[in-house]
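The chain contents come next:
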Amino acid sequence: MKRVLSGIQPSGQLHLGNYFGMMSRMIHYQEENDLYCFIVNYHAMTSMQDGASLKENTMSAAMDFLSLGMDPEKSTFWVQSDIPQVAELTWILSVVTSVGLMERGTSYKDKLAKGLKANMGLFSYPILMAADILLFGGEIVPVGKDQKQHLEMTRDIAIRFNQTFGDVLIVPAPDIDKDTQLIPGLDGQKMSKSYNNTIPIFGSDKVIQEKVMSIVTDSSGVNEVKNTDCTLFKIFCLFLDENGKLELADKFQTPGTGYGEIKKELFSTIMKHFKLFRQKRDYYEQHQDQVHDILKQGAEKASAVAETFLTPVRDVTGLNYKA
Ligand code: TRP
């Protein structure tokens, strides 16, 4: 059993793109692996400094994950800042990390280009991420392509640490899913909060319906043959097995069914698919104390593991001056 580890940004309302792109994959991991998954609220602070929003988004991400199937019995699930030792390890790693390595960070440069302030947290974001992974001995780290460089940096930092002080850190392997499909949004671009083209999973029925009805289609009429190479078809297929996809293709290719009707079917398919998840989400919303308990237990489990990795680090670096 491998230790699979990943952090998730608490970045607001969850949508189909997050779900099919990454969450369902994470949740599957817990069946056969030792899954460590946490909400990276320290990371979120690098680009958003608003206490009330951070608090809200953190709880919301926790409730989303738990509702979608994260099982605290099978995995270790916590909030990053509940294990402050990660900040200690970040500091220690920062002394073996060259400024040049951080300066080559493409994600950092992209964020500046988008207008984010160049604060030190944003700059050393990859060191905190390295600490996240190394503090728990993560062996496999499932991330999207955009995080590949951060993972290479983690490996560089771990190797450098081991060479400098002694071989105590586990060098992780990336697990980049080549076929994580690009989930199209309402307008056909990648589904993303920043393009405002998402379909939220836990929005109200009305909002979800409005979003589905606004998926952009061409002007083919009811009695025309429709092209399956389109956003509506692709989004619908996320919910269908092979047979269902053939039937849908048939519907597109046989005159008689309009886009409006197909969108209504998609809407009810989405509602059916997420029905139990949505009920669970409502439950947690009403019982947030239970969510706090789950996170507390997760943090206790994670903290014990963190100590087993941090103790040798303190020893080889000389921080543990009493031993
Ligand atoms: N940087 C990652 C992202 O934006 C989130 C993250 C933080 C992470 N720490 C991690 C991912 C550790 C994997 C492992 O998606």
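Everything numeric in this text was worked out from a predicted model, so none of it was measured.

A.B. asks: What is the right way to look at the nonpolar core in this model?
C.D. replies: Across soluble globular proteins, nonpolar side chains show a tendency to be buried alongside one another. Counting residues in each nonpolar core, the largest one holds 54 residues, and the members touching the most others are Leu16, Phe77, Ile199, Leu266 and Ile270. Looking at which element gives the most residues to this core, the answer is helix H13 (residues 259-286), with 8 residues. Each of two domains, domain 1 (3-182 + 288-317) and domain 2 (203-273), supplies a minimum of three residues to this core. Discounting residues that sit within four places of it in the chain, leucine 16 has contacts with Gly21, Met191, Ile199, Ile201, Ile235, Phe239, Ile270 and Phe274. Core analysis: the next-biggest nonpolar cluster, separate from the first, contains 41 residues, Leu89, Val96, Ile157 and Leu310 among them.

A.B. asks: Looking at this structure, how should I read the packing of helix H8 (residues 125-134) against helix H9 (residues 148-165)?
C.D. replies: Between two packed helices, what matters for the description is the angle formed by their axes and the separation of those axes. Interaxial distance between H8 and H9 falls to 9 Å at its minimum, and their mutual angle equals 70°. By the angle between their directions, the pair H8 and H9 is classed as roughly perpendicular. Note on packing geometry: the crossing formed by H8 with H9 is right-handed. Residues Tyr125, Pro126, Ile127, Met129, Ala130, Ile133 and Leu134 of H8 form the contact with H9, whose participating residues are His150, Leu151, Met153, Thr154, Ile157 and Ala158.

A.B. asks: What's the story with the layout of surface pockets in this structure? I'm lost.
C.D. replies: Empty space among the atoms becomes apparent when a probe as large as a water molecule is rolled across them. Its boundaries defined by the atoms lining it, the second largest pocket holds a volume of some 200 Å³. What lines the second largest pocket is Gln13, Leu14, Ser60, Asp64, Ile201, Phe202, Lys275, Arg278, Gln279, Arg281, Asp282 and Glu285. When residues of the lining of the second largest pocket are traced back to their parent elements, those giving at least two are helix H3 (51-67) and H13. Looking at which element gives the most residues to the lining of the second largest pocket, the answer is H13, with 6 residues. Grouping the constituent residues of the lining of the second largest pocket by class yields 3 nonpolar, 3 polar and 6 charged.

A.B. asks: Whenever I open this one, the site of the ligand confuses me. Can you help?
C.D. replies: Around the ligand sit 14 residues, and of these Gln9, Tyr125, Met129, Asp132 and Gln147 come closest. A distance of 2.6 Å separates a nitrogen atom of the ligand from a polar atom in the side chain of aspartate 132. Glutamine 147 places a side-chain nitrogen or oxygen 2.9 Å from a nitrogen atom of the ligand. Looking at the shell around the ligand, the elements with two or more residues in it are strand S1 (3-8), H8 and strand S4 (140-143). Per-element accounting of the shell around the ligand gives the leading share, 4 residues, to H8. Here the residues of the shell around the ligand sort into 8 nonpolar, 5 polar and 1 charged.

A.B. asks: Sorry, what's going on with the pattern of salt bridges here?
C.D. replies: For side chains bearing opposite charge, pairing can occur when the charged atoms are close. Enumeration over the complete set of coordinates arrives at 14 salt bridges. The closest approach of N and O atoms between glutamate 265 and lysine 251, which form a salt bridge, is 2.8 Å. Of this pair, glutamate 265 sits in helix H13 while lysine 251 sits in helix H12 (residues 242-253), and the two are 14 residues apart along the sequence. According to the relative accessible area criterion, lysine 251 is partly exposed, its value standing at 28%. Residue glutamate 285 pairs with arginine 281 through a salt bridge whose shortest N-O separation is 2.6 Å. Of the two residues, glutamate 285 and arginine 281 both sit in helix H13, 4 residues apart, roughly one turn of that helix. Residue classification places arginine 281 among the buried residues on the basis of a relative accessible area of 9%. One salt-bridge network, held together by shared partners, links Glu31, Asp71 and Lys74.

A.B. asks: I tried to follow empty space enclosed by the protein on my own but got confused; where do I start?
C.D. replies: The full count for this structure, using the stated rule, is 1 cavity of 30 Å³ or more. Within this model, the largest cavity holds a volume of roughly 40 Å³. What lines the largest cavity is Met102, Gly105, Ser107, Tyr108, Lys111, Leu122, Phe123, Tyr125, Pro126 and His150. Those elements that provide at least two residues to the lining of the largest cavity are helix H6 (106-113), helix H7 (120-123) and H8. The biggest single contributor to the lining of the largest cavity is H6, with 3 residues. Its residues assigned to classes, the lining of the largest cavity comprises 6 nonpolar, 3 polar and 1 charged.

A.B. asks: What is the right way to look at the domain arrangement of the protein chain in this model?
C.D. replies: For the protein chain, the assigned domains are domain 1 (3-182 + 288-317) and domain 2 (203-273). Between domain 1 and domain 2, the C-alpha centre-to-centre distance is 36 Å. On the side of domain 2, 6 residues touch domain 1, which itself brings 5 residues to the contact. Both faces combined, the contact of domain 1 with domain 2 buries some 390 Å², and carbon together with sulfur accounts for 76% of it. Inspection of the domain 1/domain 2 interface yields 0 salt bridges. Inspection of the domain 1/domain 2 interface yields 0 residue pairs in polar contact (both at pLDDT 80 or more).

A.B. asks: Honestly, the pairing of strand S2 (residues 34-39) in this entry has me stumped. Any pointers?
C.D. replies: Across a regular strand the side chains alternate sides, sitting on one face of the sheet and then on the other. Of all the 6 residues making up S2, 5 are buried; the element is thus mostly covered by neighbouring parts of the structure. Note: S1 against S2, 6 bridges, orientation parallel. Along S2, the bridge assignment pairs valine 4 with leucine 35.

Conventions we followed
Residues numbered from 1 in each chain as written. Predicted model: local features only at pLDDT ≥ 70, side-chain atom pairs only at ≥ 80, totals over all residues. Heavy atoms only, no water. Core = buried A, V, L, I, M, F, W, Y, C linked by side-chain atoms within 4.5 Å. Buried < 20%, exposed > 50% of the residue type's maximum accessible area, 1.4 Å probe, protein only. Helix = DSSP H or I, 4+ residues; strand = E, 2+ residues; numbered from the N terminus. Domains from an automatic or database assignment. Contact = heavy atoms within 4.5 Å. Axes fitted to C-alpha atoms, helices over the stretch in contact; angles between N-to-C directions. Parallel < 35°, antiparallel > 145°, perpendicular 65-115°, else oblique. Left-handed = near helix turned anticlockwise from the far one by under 90°. 1 Å grid on protein atoms, 1.4 Å probe; cavity = no way out; pocket = protein on both sides within 12 Å on 5 of 7 lines; lining within 4 Å. Points joined across faces, edges and corners; volume = space filled by probe spheres on them. Nonpolar A, V, L, I, M, F, W, Y, C, P; charged D, E, K, R; others polar. Near = heavy atom within 4 Å. Polar contact = N/O pair within 3.5 Å; in protein donor to acceptor, adjacent residues only side chain to side chain. Salt bridge = Lys/Arg side-chain N within 4 Å of Asp/Glu carboxyl O. Buried area = accessible area lost by both parts, 1.4 Å probe. Pairing = 2+ DSSP bridges.

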